[in-house]
Amino acid sequence: MPSHLDKRLFCQFYRLLATQTLLTELSSKSMRSRHWQQMMAITGKQLNLAEDAFRLQHLLDCDLLKHAEDVLDLTTASLKEEAIESKLAESSDDGSDAQRAFVKYKSRGDVLLRAADTAEIIEKLEDTQMALGSMATNRYSAPFKEEVDTWITKLSVVSEIVEMWLGVQAAVGVGLARGVYTAVKRRILQSAHVTGQF
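Notes on the structure in this doc start here. Just so it is clear, the model here is predicted, and its values are computed rather than measured. (Residues numbered from 1 in each chain as written. Predicted model: local features only at pLDDT ≥ 70, side-chain atom pairs only at ≥ 80, totals over all residues. Heavy atoms only, no water.)

1. Concerning the overall build of the protein chain
Link 1 in the chain: Scanning the protein chain from N- to C-terminus turns up seven helices and two strands.
Link 2 in the chain: Overall, the protein chain shows an N-to-C arrangement of helices and strands of α-α-α-α-β-β-α-α-α.
Link 3 in the chain: For the protein chain, the accessible surface area stands at approximately 13,200 Å², while carbon and sulfur atoms represent 55% of it. (Helix = DSSP H or I, 4+ residues; strand = E, 2+ residues; numbered from the N terminus. Areas by Shrake-Rupley, 256 points an atom, 1.4 Å probe, with all protein chains shown as cover.)

Okay, structure coming up:
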């Protein structure tokens, strides 16, 4: 009789530990509303996600162990999506360095690109484009596909403009302000029609 009791106790202990693991995973800050919607689809249970109504018992009623593999897949996806989300935020912050690349030329304002800063910006642009290209093929980037595609297009246009600017700057030399401004303005206006406003 004690061995039967031991097995039963062990099974209850195992279920408790497995449930605790799932609850810990579900409590991650990476879980967004879309993940909870998926959770409800997986378990077939409706959850009231309002802070004042959501209770632990509601999750326990979902029979998490029955859906353990799907729940773990969901929580893993939420963590990977959060990483992609933060990389996208970094990409949008990287543009602030571009302001330092311009230097004044006579009375025409900041129209020349400083070579050292421009090389650094081009390197960052290329790195970011590679990272975004990788994100675009990642299955966890599906919720951000439109944003990733938009950033890929924007950075491609920016790279093209910087190359044109440097080309005009090299070809014309120091007296380039008007030519660069006109060429870049034309390209920006063309791009704005294709990609929307920056």
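2. Focus on the packing of aromatic side chains
Link 1 in the chain: Evaluation of the coordinates by the stated rule reveals one aromatic pair.
Link 2 in the chain: Considering the side-chain rings of Trp36 and Phe54, the 5.5 Å spacing of their centres and the 70° angle between planes classify their relative orientation as edge-to-face. With Trp36 in helix 2 (residues 33-43) and Phe54 in the loop between helix 2 and helix 3 (56-60), the pair connects residues that are 18 residues apart, well separated along the chain.
Link 3 in the chain: Phe54 sits in the partly exposed class, given a relative accessible area of 24%.
Link 4 in the chain: Against the face of Trp151 rests Lys154, its NZ or CZ located 5.3 Å from the ring centre. (Phe/Tyr/Trp six-rings, centres within 6.5 Å; stacked < 30°, edge-to-face > 60°. Buried < 20%, exposed > 50% of the residue type's maximum accessible area, 1.4 Å probe, protein only. Lys NZ or Arg CZ within 6 Å of the ring centre and 35° of its normal.)

3. Considerations on the environment of Leu112
Link 1 in the chain: Checked against the element boundaries, Leu112 lands in strand 2 (residues 110-113).
Link 2 in the chain: The class for Leu112 is buried, based on a relative accessible area of 14%.
Link 3 in the chain: For the pair Leu112 and Ala101, spaced 11 residues apart in the sequence, the C-alpha separation amounts to 8.1 Å.

4. Quick word on the nonpolar core
Link 1 in the chain: Counting 18 residues, the largest nonpolar core has Ile84, Leu88, Leu132, Met135 and Val148 as the members making the most contacts within it.
Link 2 in the chain: At the level of elements, helix 4 (68-93), helix 5 (115-137) and helix 6 (145-172) are the ones that each hand at least two residues to this core.
Link 3 in the chain: With six residues, helix 6 is the largest single contributor of residues to this core.
Link 4 in the chain: When neighbours within four sequence positions are excluded, Leu132 is seen to be in contact with Leu88, Ser91, Val148, Trp151, Ile152 and Leu155. (Core = buried A, V, L, I, M, F, W, Y, C linked by side-chain atoms within 4.5 Å. Contact = heavy atoms within 4.5 Å.)

5. Some thoughts on helix 5
Link 1 in the chain: The end-to-end C-alpha separation of helix 5 is 33 Å, in line with the 33 Å expected for 23 residues at 1.5 Å each.
Link 2 in the chain: Among the residues of helix 5, those classed as buried are Thr118, Ile121, Leu125, Thr128, Leu132 and Met135. (Expected span 1.5 Å × (residues − 1).)

6. Some words on the environment of Leu59
Link 1 in the chain: In this fold, Leu59 is placed in helix 3.
Link 2 in the chain: Separated by 19 residues in the primary sequence, Leu59 and Met40 have C-alpha atoms spaced 9.9 Å apart.
Link 3 in the chain: Filtering out sequence-adjacent residues up to four positions away, Leu59 remains in contact with Leu23, Leu26, Trp36, Met39, Leu47, Phe54 and Leu64.

Just geometry here; none of it tells us what the structure is for.
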